[in-house]
Amino acid sequence: MTPAIAKAIYVILAIGWYVIRIPHERRARRTPVSRSARGIRERVLLSISLTGLGILPFAYVAFGFPRFAKYTFQPSLAWAGAVVAAAALLLFYLTHRALGRNWSVSLDLRESHKLVTSGIYTYVRHPMYSAFWLWAIAQALLLPNWIAGPAGLIGFGTLYFFRVGEEEKLMSEAFGDQYRDYIDRTGRVIPRVGKVLSPR
Ligand code: SAH
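Residues numbered from 1 in each chain as written. Predicted model: local features only at pLDDT ≥ 70, side-chain atom pairs only at ≥ 80, totals over all residues. Heavy atoms only, no water.

Looking only at helices and strands, one finds six helices and two strands in the chain. Moving toward the C terminus, one meets the helices and strands of the chain in the order α-β-α-α-β-α-α-α. At 18 Å, the chain has a C-alpha radius of gyration in line with the 16 Å of a compact globule built from 200 residues. C-alpha atoms of the chain, sized along the principal axes, occupy 50 × 40 × 30 Å. Within the chain, the fraction of its 200 residues that count as buried is 44%. Residue pairs in contact within the chain that sit at least 24 positions apart in sequence constitute 83% of those at least 6 positions apart. (Helix = DSSP H or I, 4+ residues; strand = E, 2+ residues; numbered from the N terminus. Rg over C-alpha atoms; globule rule 2.2 N^0.38 Å. Buried < 20%, exposed > 50% of the residue type's maximum accessible area, 1.4 Å probe, protein only. Contact = heavy atoms within 4.5 Å.)

This is the structure we're talking about:
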């Protein structure tokens, strides 16, 4: 493992994410939105997340920027980052497959929105956010730079902590007891071990 290979793995992660997302984005866009909690706040949060997970690591991978923040490359960390990156992509694929047309980049309810509680959603309520947490961890492990590395954890973390409560409020308003029961048997981004071993 070399710094160049670690950078290449980061690029493959970003391209893989995009390739998985495109067909789902096209399909979801054809389904009209009936209710939305989008607003200036959501736009700011999305921009912060994009900066941390995309723009800053891209500046590092393409231009080595910011140079003053670089540190000595550790192959073992980068190997761990490669494994986490693969897990992120797999999880990302599974979430899009389960969520289908109900997906949105922001907080929207689509016409005939269905509450998905199957597939990977059997275990956690926000597996797509779990996938982005894994991406952010992979980024920190792959890029030996004190700014570009942790930027994903800070950028996505900001989006996550400000959004997840709002999203659950929206889903509770739309699906009532069905969503509240779902909350009782699942974890937010990490499965609740007891519930997985004995679901009822
Ligand atoms: N938070 C989820 C989904 C992210 S996409 C995850 O991390 O996997 C965001 C959109 O998904 C929101 O517009 C919300 O309305 C929708 N959504 C979230 N959970 C859902 C579920 N269990 N079933 C259907 N739609 C869901």
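One can expect most non-glycine residues to show negative phi and most peptide bonds to be in trans. Here Phe65 and Pro66 are connected by a cis peptide whose omega angle stands at -5 degrees. Along the chain, Pro66 turns up in the loop between helix H2 (40-63) and helix H3 (75-99). Even without a glycine there, the phi angle at Ser112 is positive, about 50 degrees. As for its position among the elements, Ser112 is in the loop between strand E2 (108-110) and helix H4 (127-142). Judged by relative accessible area, Ser112 falls into the exposed class, the value being 62%.

Grouped together as the largest cluster of nonpolar side chains are 46 residues, with contacts concentrated most on Leu142 and Phe156. Elements supplying a minimum of two residues to this core: helix H1 (3-29), H2, H3, H4 and helix H5 (151-185). Beyond its immediate chain neighbours, meaning those up to four positions away, Leu142 contacts Ala6, Ile9, Tyr10, Phe73, Ala78, Gly81 and Ala82. (Core = buried A, V, L, I, M, F, W, Y, C linked by side-chain atoms within 4.5 Å.)

With respect to spatial proximity, 20 residues lie near the ligand, and among them Asp108, Val116, Tyr121, His126 and Glu167 are the closest. At 2.9 Å from a nitrogen atom of the ligand is found a side-chain nitrogen or oxygen belonging to His113. At 3.0 Å from an oxygen atom of the ligand is found a main-chain nitrogen or oxygen belonging to Tyr129. Going through the elements one at a time, E2, H4 and H5 are the ones with two or more residues in the shell around the ligand. By residue number, the principal contributor to the shell around the ligand is H4, which donates three residues. (Near = heavy atom within 4 Å. Polar contact = N/O pair within 3.5 Å; in protein donor to acceptor, adjacent residues only side chain to side chain.)

Bringing H2 into the picture now. Along its length, H2 reaches its greatest deviation from straightness, about 45 degrees, at Thr51. Listing the buried residues of H2 in full gives Glu42, Leu45, Ser49, Gly52, Leu53, Pro57, Ala59, Tyr60 and Val61. In this fold, the buried residues of H2 make contact with H1, H4 and H5. Directly beyond the C-terminal end of H2, a positive phi value near 70 degrees is found at Gly64. (Bend = angle between axes of the 7 residues up to and from the residue.)

What the rule picks out here adds up to seven salt bridges. The partner of Arg35 in a salt bridge is Glu173, and the shortest N-O contact between them spans 2.5 Å. Taken together, the residues Arg35 in strand E1 (residues 33-36) and Glu173 in helix H5 connect sequence positions 138 residues apart. For Arg35, a relative accessible area of 36% translates into the label partly exposed. Taking the relative accessible area as the measure of exposure, Glu173 reaches 48% and is therefore partly exposed. Salt-bridge contacts for Asp177 lead to Arg180; the nearest nitrogen and oxygen are separated by 3.3 Å. (Salt bridge = Lys/Arg side-chain N within 4 Å of Asp/Glu carboxyl O.)

This part is about the packing of aromatic side chains. Applying the stated criterion to the full structure yields 18 aromatic pairs. Judged by centre distance (6.2 Å) and plane angle (40 degrees), the rings of Phe132 and Trp135 are tilted. A residue pair is termed a helical-turn pair when its members lie 3 or 4 positions apart in one helix, as Phe132 and Trp135 do in helix H4 at three residues. No difference in accessibility class separates Phe132 from Trp135, as the two residues are buried. (Phe/Tyr/Trp six-rings, centres within 6.5 Å; stacked < 30°, edge-to-face > 60°.)

Time to look at H1. Here H1 spans 38 Å end to end across 27 residues, near enough to the 39 Å set by a 1.5 Å rise per residue. Here H1 has its buried residues at Ala6, Ile9, Tyr10, Leu13, Gly16, Ile20, Arg21, His24 and Ala28. Of the surrounding secondary structure, the elements contacted by the buried residues of H1 are H2, H3, E2 and H4. (Expected span 1.5 Å × (residues − 1).)

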